[in-house]
Amino acid sequence: MLVTEKITAEQLYQKLKDVKIGGQVCQYSREKCEELTPLINEINELKREKNACILVHSYVTPEIIYGVGDYVGDSYILSKRAMETEATTIVFAAVRFMGDTAKILNPHKDVLIPGLNDGCTLADSINAGQVQALRKEFPGYTFVCYINTTAAVKAECDVCVTSSNVYDICQNIPNDRIYFLPDKLMGQNLVDELAKRGVKKDIRFYNGTCYVHEEYDAEQIFKVRTEYPNAKIIAHPECNDDIVKNSDYVGSTAQLLDYMKTAPDGEFLMLTECGLAGRLQVELPGKKLVGSCNLCRYMKSNSLEDIKRVLTQPTGRDRIHIDPLVMDRARRCIEAMFEYAQ
Ligand code: 13P
Ligand code: SF4
């Protein structure tokens with residue numbers, strides 16, 4: 001749904017006043033909301049004029065999510081929304097690989113990315129040449145890539161997955177030899193989960209990590225369980241296997257939010273990027289978060305100012321451009337995911 005109505009500073013403040021994450025980065029006073037509101041209204045007006053829609057990952061700042069975001073979600077849901085939108089311009093407030101995915105699925109649309117620091121430690125950990133070398137080393141393996149990869153890497157792989165479908169898709173692939181890349185922590189979790197399901201496959205994986213999720217340590221879980229014996233622990237599958245084994249629920253950012261929606265109110269330790277904690281503070285105030293969370297410097301490099309800038313004066317760097325041949329091959333890899341996910 002495109003957000004185009006005008007918002008008042010008081011409405012924004014009422015929405016964001018309970019957000020308390022990341023020190024001063026995401027805290028909202030009435031004065032701050034008064035400063036943000038004219039820019040939010042200007043962006044929403046620009047969207048209408050330019051037939052643009054803004055896709056937002058849950059890890060970006062709350063003023064973007066609740067001020068100008070038309071669709072907010074995880075990588076899988078946002079890639080679906082990118083295909084469904086009738087807008088001719090997509091602004092993707094997230095990181096570059098997500099903008100790449102939107103462009104691959106919408107080659108005739110203008111896809112703009114406002115993030116100034118648009119990398120991702122996972123997507124940057126492997127390149128196409130390295131995948132080609134691995135394919136020679138592991139012939140007969142199905143190459144499965146996490147969506148956190150560049151278009152060129154996807155072009156060299158067979159099937160793409162996201163954190164919401166990695167286990168089911170790898171189980172369903174009709175090959176018992178799988179090479180998963182680039183996340184070694186998710187790779188180990190995949191091995192463990194398939195073993196738990198009684199699925200016998202030879203799974204190899206690459207050695208990338210997400211710098212935000214690898215920081216979490218199972219020690220945090222044990223401390224929280226001592227202090228808050230009834231707390232539920234929920235984690236993203238980019239965390240290490242010790243965390244995953246000791247958590248009550250593991251899933252993508254959207255799955256974690258859905259889990260919280262149906263869970264009884266109480267205490268929760270949430271082991272993922274802080275943006276999701278912000279969404280809970282706005283949408284599910286009955287859930288009390290305990291422990292701390294880590295920020296992703298890439299996701300947090302999106303700003304309202306840069307969203308306005310890319311809508312009015314985009315530079316070559318803001319606009320996604322992918323070689324058509326790479327785009328066609330990468331699209332096959334993403335479409336294979338949609339087929340398996342059905
Ligand atoms: P989700 O698909 O779960 O939103 O994860 C994306 C991501 O970058 C996690 O670090
Ligand atoms: Fe990449 Fe980690 Fe940031 Fe997600 S949280 S975008 S995996 S660096």
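Anyway, here's the lowdown on the structure attached to this text. Not measured: the values here are computed from a predicted model. Every chain is numbered independently, its residues counted from 1 as its sequence is written. For this description, chains carry letters from A and ligands carry numbers from 1, given in the order in which they are written. Per-residue local features of the predicted model are confined to residues with pLDDT of at least 70, and side-chain atom pairs are confined, for both listing and counting, to 80 or more; whole-chain, interface and lining totals are unaffected and use all residues. Note that water and hydrogens are dropped before the side-chain values are worked out from all heavy atoms of the structure.

1. A word on empty space enclosed by the protein
Here is step 1: Definitions used for this entry: grid spacing 1 Å over protein atoms alone; cavity, a set of points where a 1.4 Å probe fits but cannot get out; pocket, an open set with protein on both sides within 12 Å along at least 5 of 7 lines; lining residue, one with an atom within 4 Å of a point. Grid points are joined across faces, edges and corners, and a volume is the space filled by probe spheres set on the points. Inspection of the entire model under this criterion finds two cavities of 30 Å³ or more.
Here is step 2: Taken as a whole, the largest cavity spans an internal volume of roughly 230 Å³.
Here is step 3: Lining the largest cavity are 26 residues, and of these Y59, C120, N148, E238 and M299 lie nearest its centre.
Here is step 4: Along the walls of the second largest cavity sit S75, L78, S79, F92, F97, M98, T101, A102 and I147, which together make up its complete lining.
Here is step 5: Counting only elements with at least two residues in the lining of the second largest cavity, the list comes to α4 (75-84) and α5 (96-105).
Here is step 6: With four residues, the top contributor of residues to the lining of the second largest cavity is α5.
Here is step 7: Taken together, the residues of the lining of the second largest cavity sort by class into six nonpolar, three polar and no charged. Per the convention used, a helix needs a DSSP run of H or I reaching at least four residues, while a strand needs a run of E reaching at least two, with both numbered from the N terminus. Three classes are used, and their members are as follows: Ala, Val, Leu, Ile, Met, Phe, Trp, Tyr, Cys and Pro are nonpolar, Asp, Glu, Lys and Arg are charged, and the others, Gly among them, are polar.

2. Some details on the sheet that holds strand β5 (residues 142-146)
Here is step 1: Ordered in space as β6-β5-β7-β8, the four strands form an open sheet in which the pairing is parallel. Of all strands in the sheet, those with a lone pairing partner are β6 (159-161) and β8 (202-205), marking the two edges. Taken over all neighbouring pairs, the strand axes of this sheet differ in orientation by 25 degrees on average, direction set aside.
Here is step 2: With four bridges joining them, β5 and strand β7 (residues 177-181) adopt parallel strand pairing. For T142, the partnering residue across the bridge sits in β7 and is I178.
Here is step 3: For this analysis, residues touch if any pair of their heavy atoms sits within 4.5 Å. All axes are obtained by fitting lines to C-alpha atoms, using only the stretch in contact for helices, and the reported angles, taken between N-to-C directions, cover 0 to 180 degrees. Sitting on the sheet, helix α9 (residues 184-196) touches β5, β7 and β8, and the angle it makes with β8 is about 170 degrees.
Here is step 4: Most of the contacts of helix α15 (residues 324-341) go to β6, to which it runs at about 65 degrees, and overall it touches β5 and β6. Pairing between strands requires that DSSP locate at least two bridges from one strand to the other.

3. Focus on the pattern of salt bridges
Here is step 1: Any Lys or Arg side-chain nitrogen located within 4 Å of an Asp or Glu carboxyl oxygen qualifies as a salt bridge. Under the defined criterion, the tally for this structure stands at 26 salt bridges.
Here is step 2: Among the ionic pairs, R197 bridges to E193, the shortest N-O distance being 2.8 Å.
Here is step 3: Exposed residues in this analysis have more than 50% of their type's maximum accessible area, buried residues have under 20%, and partly exposed residues fall in between, with area computed by a 1.4 Å probe over protein chains only. Taking the relative accessible area as the measure of exposure, R197 reaches 33% and is therefore partly exposed.
Here is step 4: Residues joined by salt bridges that share partners form a network here, namely R96, D118, D306, R309, R317 and D318.

Nothing here speaks to function; it is all geometry.
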